[in-house]
Amino acid sequence: MEGPADILPSTLKKSVVDAKLLLVGAGGIGCEVLKNLVLSGFKNIEVIDLDTIDVSNLNRQFLFQRQHVGKSKAKVACEAALGFNPSVTLKAHHDSVMSQEYGVNFFKGFTLVLNALDNRAARNHVNRMCLAAQVPLVESGTAGYLGQVTVIKRGVTECYECQPKPAQKTFPGCTIRNTPSEPIHCIVWAKHLFNQLFGEADPDEDVSPDTADPELTGDAAGSAALSEPAREDGNVERVSTRGWAAQNDYEPRKLFRKLFNDDIRYLLTMDKLWQKRRPPTPLDWDTLPDAVAGSSSSSASDSSLSDQRLWPPAECAAVLERAVGRLKEQLAARPAGDHLVWDKDDENGMDFVAACANLRAHCFGIRLNTRFTIKSMAGNIIPAIATTNAIIAAMVVFEAFKLLEGRLDDCKTVYLNRQPNARKRLLVPCVLEKPNPKCYVCAEKPEVTVRLDVSQMKLQALEERVLKAALNMVAPDAELLDGRGTILISSEEGETAANAPRTLAELGVRDGARLRCDDFLQNYELIVNIVNSTELPDGQEFEVVGDASQLQPAAPAPAPADGEAGPSSADAGGSAAANGSGNGAGKATTTVDDDDDLVCLSEGEDGTGTDGEVPTATTTVGTPAAKRPAQSDQGTPPAKKRRALSGSESPEVIEL
Amino acid sequence: MKTQLGSMVTFESGDITEEEAALYDRQIRLWGLDAQKRLRSARVLLIHMGGLGAEVAKNLILAGVKSLTMLDPNPVTSSEASCQFFVPAGQIGANRAEVSVERAQRLNPMVSVTAEKTPSTELTEEQVARYDVLVATGCPDSELTRLNALCRRRGVLFLAGDVYGFYGFMFADLGRHEFAEEVPVLARPGGEPAQKRPRTEQPESRTVKRTLQFTPLEDALGVDWNAEDRRKTLRRTSDVYFIMRALRDSLKGLPTDKVGDAFTSRCLGELSPACAVVGGVLAQEVIKAVSQKDKPLSNFFLFDGYNSEGVVETIAA
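Residues numbered from 1 in each chain as written. Chains lettered and ligands numbered in written order. Predicted model: local features only at pLDDT ≥ 70, side-chain atom pairs only at ≥ 80, totals over all residues. Heavy atoms only, no water.

A word on the overall build of chain B. A tally of helices and strands in chain B yields eleven helices and ten strands. In chain B, which comprises 317 residues, the share counted as buried stands at 58%. Contacts in chain B between residues far apart in sequence, at least 24 positions, make up 68% of those at least 6 positions apart. (Helix = DSSP H or I, 4+ residues; strand = E, 2+ residues; numbered from the N terminus. Buried < 20%, exposed > 50% of the residue type's maximum accessible area, 1.4 Å probe, protein only. Contact = heavy atoms within 4.5 Å.)

Looking now at the packing of helix α14 (residues 386–404) of chain A against helix α4 (residues 51–63) of chain B. Look at α14 of chain A against α4 of chain B: their axes get within 9 Å of each other, and the N-to-C directions meet at 150°. Accordingly, the angle class assigned to the pair α14 of chain A and α4 of chain B is roughly antiparallel. Across the interface between the two elements, Ala386, Thr387 and Ala390 of chain A of α14 of chain A pack against Lys58, Asn59 and Leu62 of chain B of α4 of chain B. Tallied by class, residues from the contact of α14 of chain A with α4 of chain B come to three nonpolar, two polar and one charged. (Axes fitted to C-alpha atoms, helices over the stretch in contact; angles between N-to-C directions. Parallel < 35°, antiparallel > 145°, perpendicular 65-115°, else oblique. Nonpolar A, V, L, I, M, F, W, Y, C, P; charged D, E, K, R; others polar.)

This part is about the interface of chain A and chain B. Taken together, the contact between chain A and chain B spans 76 residues of the former and 72 residues of the latter. In this assembly, chain A packs against chain B so that about 6,100 Å² is buried in total across both faces, 56% of it on carbon and sulfur atoms. Counting the surface chain A buries against chain B, the share from its top three residues, Ile7, Phe398 and Lys424 of chain A, is 11%. Where chain A touches chain B, the interface holds five salt bridges. Notably, a salt bridge pairs Glu55 of chain B with Lys35 of chain A, separated by 2.4 Å at the nearest N-O pair. Applying the counting criterion to the chain A and chain B interface returns 20 residue pairs in polar contact (both at pLDDT 80 or more). Of all the secondary-structure elements, those providing two or more residues to the side of chain A that touches chain B are α1 (10–18), α2 (28–40), α3 (73–84), α13 (371–378), α14, β8 (425–431) and β17 (605–606) of chain A. Take the side of chain A that touches chain B: its biggest share by element is eleven residues, from α14 of chain A. Partitioned by chemical class, the residues of the side of chain A that touches chain B number 37 nonpolar, 14 polar and 25 charged. (Buried area = accessible area lost by both parts, 1.4 Å probe. Salt bridge = Lys/Arg side-chain N within 4 Å of Asp/Glu carboxyl O. Polar contact = N/O pair within 3.5 Å; in protein donor to acceptor, adjacent residues only side chain to side chain.)

Time to look at the environment of Asp343 of chain A. Residue and element names in this part refer to chain A. Along the chain, Asp343 turns up in the loop between α11 (313–332) and α12 (347–363). Taking relative accessible area as the criterion, Asp343 reaches 36% and is therefore assigned partly exposed. Residues Asp343 and Gly379, 36 residues apart in the sequence, show an inter-C-alpha distance of 7.7 Å. A polar contact is formed between the side chain of Asp343 and the backbone nitrogen of Asp345, at a distance of 2.8 Å.

Here the focus is the UniProt feature "active site" (unreviewed entry) in chain A. Residue and element names in this part refer to chain A. When the UniProt feature table is mapped onto this chain, "active site" (unreviewed entry) is found at Cys174. Position of Cys174 relative to the elements: it lies in helix α6 (residues 173–177). Overall, Cys174 belongs to the buried group, its relative accessible area being 17%. (UniProt positions renumbered as here; feature names shortened; annotations may be inferred.)

All names here are of chain A. Along the chain, Gln61 turns up in the loop between β2 (44–48) and α3. Residue Gln61 is classed as buried on the basis of its relative accessible area of 0%. Placed 31 residues apart in sequence, Gln61 and Gly30 show a C-alpha to C-alpha distance of 8.3 Å.

Attention now goes to the side chain of Gln292 of chain B. Residue and element names in this part refer to chain B. You can see Gln292 is positioned in the loop between α11 (272–291) and β9 (300–304). When its relative accessible area of 10% is taken as the criterion, Gln292 is described as buried. Within the structure, the side chain of Gln292 is placed 2.6 Å from the side chain of Arg38, a separation counted as a polar contact. At 3.1 Å, the side chain of Gln292 and the backbone oxygen of Glu178 are in polar contact.

Turning our attention to the domain arrangement of chain A. Residues and elements named next belong to chain A. Segmenting chain A into domains produces domain 1 (4–162 + 383–431), domain 2 (181–365) and domain 3 (454–532). Taken together, the 13 residues of domain 1 in the interface contact nine residues of domain 3. Between domain 1 and domain 3 the total buried area reaches about 800 Å² when both faces are included, carbon and sulfur atoms providing 54% of it. Among the residues domain 1 hides against domain 3, the three largest losses belong to Gln100, His125 and Arg128. Together they make up 56% of the total. For the interface between domain 1 and domain 3, the tally reads zero salt bridges. Joining domain 1 to domain 3, the criterion identifies six residue pairs in polar contact (both at pLDDT 80 or more). When its residues are assigned to classes, the side of domain 1 that touches domain 3 shows six nonpolar, five polar and two charged. (Domains from an automatic or database assignment.)

This is the structure we're talking about:
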C-alpha cells in the first residue's frame, strides 16, 4: 500500500519509517512540524508541551480551534495529526520537559529531538539533555517575519549555549522606584505593584520610594522621611504594601492616593533626585484630565477598539478602580495565603497594569501608551504569523532528513530573512559552527567564572539566582573544593537548609574559591570559579563570565550592524544567561513572560507564545538569533558580527 | 487597475471587531490594523488542492482573508495521502476541492470557504474578475500564461507555484504595484549620536510609498538564455531556476550544464515540507500584495530543500 514515505528517495525512506522522534513544543512551530512529520512518513513521534491552548494561538497553531481553548496543546495536536494519517503512533505528554520524569534515559530513546520552544530556559535544558544522551537536536525559532533553524550534535557542532546570548533586560531598582524616564519603567513598576498587592510578593520588587538610591547622600533620605507629614505610619519602618492595602480593604481611592500622591510627594522631598530632572507631579483623583494631552492623539485611527485608544488619566483611574475591585474578589476567592499570578491575557490584571503604568507615566511627564502597546511590553509579546512558522517548521524537517541520511556535513543553520540578502537568498544556509572549547556546558570539563561579593551574597541567592536562573540548573548540588569536600548545597530536601541564609563568606567561600556544581537530571557537572568583586555595575548582584580571561568588562554591544537580515535580537529576558553574558540582576527585572515563538532560535511564540512553548517560570525567548549573518551565506558569520548582535537590545517586541 | 484594488479595499473595510482583534492579535502586532483590514476584504481564488494548494489555503484562511474559493476538477488520488491534510481518510475518488471545505473552514469561521469543480481552463475573464487575487498551483506553463493574461486585464493579482519533491517555485505578477515600506530613519539632523539617545522601544522608522513594475509570466519565460547579452545575467542566476524549468518543460533549449541528474530521485511528488515552504512564501506574498505593505518578492522564489536554500530571482525580458 502506498504511504507518504513512498515519494522519499530510497536512501531516506527506511530511516524515516524507523525513526522515533521527540518533538518538544506543540505551539506555532510545533503544530507545523508535527503535520510535516506525519505527512512525510514518520511513524513514531512523542510530543511534549505543558501549555494549554489560548485564543491568541488560533491565528497560526492550525491544529487547534476555538472549542479546544483551555485544553492541552500536546494532546489536541496529536489527536488532530492522527486525522491526517491514522496509522502513525503518536504519544502526547502534557508536561514540562524540565520535569524529573524526563531524564537522560528518556532522551536516549529517540533517534532525533526537535525543539519548537519559546523560552531560553527550556532550550538550555533540552540542549543539555541531548548532549548528555548523545542525541542530535534540531533547534528552531521565529519572531515575526524572521526565523532560524540549526542542528546541534555533541562534539561536532556548537551547542545551544556555546555563544553568549543577549542578557535579560533589567533596570536598576532605583530607576523603577524613584526616577522612571521611559514608559517601560512605569510598566515594570506596575507589574511589581500587581505582585505586591495581589501576587507573590518579592522583596526585590518593592514599589515604594527607595531611600537607598545611590544618588542620595546620607542625610537627604532620612530627614526627608521624618519631615514628611503625610505619611500615615509616621515611621521609617513601613508596613508591607499588601498589608497596607488589606488594612484599607483595597479601597481604590486610598490606594490611588498612596501610590500617586503620598509616595510621589515623598519622592519630591528627595530633592537631590530632581536637581537635574523634571520633578514628578502628585495626582489628585478628582482633578485628573479627561482628555489626552496633545489631543488629537491616539495611535491608531480605529478607536472602536478600547485596546487601541489612548486612555486619558481620568479613564485610567476609572479602569484602575474597576480592576482593583475585581482583583480583590479574585484574591478573596482563593484559599487563605494564596495569591494571584499576573497574566497578560487576564483582563483585570492587564487593565490594572495598563492603568497604573499610565498614571505613573502621567506623574512623571512620560508619554502614555495604549493598552495594546503596554500589553506587548508587559507581556513581552513577540508577534507571530502562520507563514513564518510554516516555513521554519519545514526547514526543521529538511535538517532532520539530512541527519537521518547521514549527511551531517550538509547540515546548516538556516535563516529566514524578511527580504532577500545581497546574494538574493531569502532562505540562507550557513555552515554550522564548531563547538566552543570554553563553553561552560559542552566542553570536556566545563568551568565558568562568576563575579560576586562573597560578603553580601547568601547561599540561597547563589542557588536560586546563579545556579538555577542564570546557569539553568534544575536541582543543583554544590561542593566547595577546599580539600575537605564541604557540601554547600544538596538537592536532597532539607540537608543543607541551614546554610541558605548564610553569606558565602560565612561558609568559607572566598575569592578564588572553586565550587563543583552538579545537576543529576541534566547529567551536568560544572566548576564555578568565584571572583570576589564589590563593584559590579548598577544593580547587579553577580556577573557570569565565560572564563576568567574575559574578566575585563565587555564593551557594550553596538547595535546590529546588519541591515540586511535586520534582526535585532529577540531575546526577551529570560532567566538563563548564556556564557559570559549573564548578569544577575537582583533588582528589578523585566520579567518576560512569555510568549513566543521566539527566536533566534526560538519560536515559541508566546511563551507564551511561542510556538514552542514550554513552560518554566520565566519565559524567555531564547533566541539563537545571536548569529544572524549579514549578507554572507554559506560561510561563517564573522565572530565580531555575532557578538555585536548578541548585545542588541532585548525587545519588548521584536523581530528577532 | 491597481487603483481598482485600492478603492475596493477602502470601500469594504469596516472596523475590526473585538473578536477579530483577539483572534488576530499576534499578527496585528506585526503588520498593523490597516493591513489586517485590507486582508479581510480580499477575495482569493485558489486553483488546485494538492499539497501546495492545501498549504496556501491554510495560511490564508488563518490570516483572515474575506473569502477563499478552492477550484479543482480532480478527484482525490492515493498520492494526496502524502501531503493534503484537508482530505479525510477514505475519500479517494471524491472531488479534491469539495472534500477539503469542511476541514479548511474549521481553521477560521470568519472566512468564507467554498469549492468549485470547474476546470481552470474554462475560467473566463468575467469569472476571474470576481476575485482580488488568483493563486494557481499545479498548472502547466500554458495555462499559467493564459490565467496571468486574464488577471492582467482585470487588475487581479496573479501568483503561481508548484512543488517537485525537494524543489519548488513561486511566481508573482502584481502588475504595477504600489506598496508602503518602512525604512529606518538615519541619525536625526543635529541630534545626538545614536548611542546617546535614550533607547526607546522601537527603532525609529518612517513609512514611504513605493511602486514596483512586474513582468507577465509569458515575458519572463520568453527570455533567451543563449543570447549574447544574457551571458552575464546567466552566470549569476540560480541553478534552481533552471532545474525548475527542466522539471516543467524538458531539457530542450535549456543550458544543460545547469541541470544535473543527481537530484532526480528527489523531485517526485509533492513532498510535505517543500509544500510548506513554498506555500508559506506564496501565502505571505499574497498577504503583502493585498495589504500593500512591504516590498514584494519579484518575481520568482526558487526553493531547493536538498541544500536548504531559497533564492529570489528577478527574471524579466
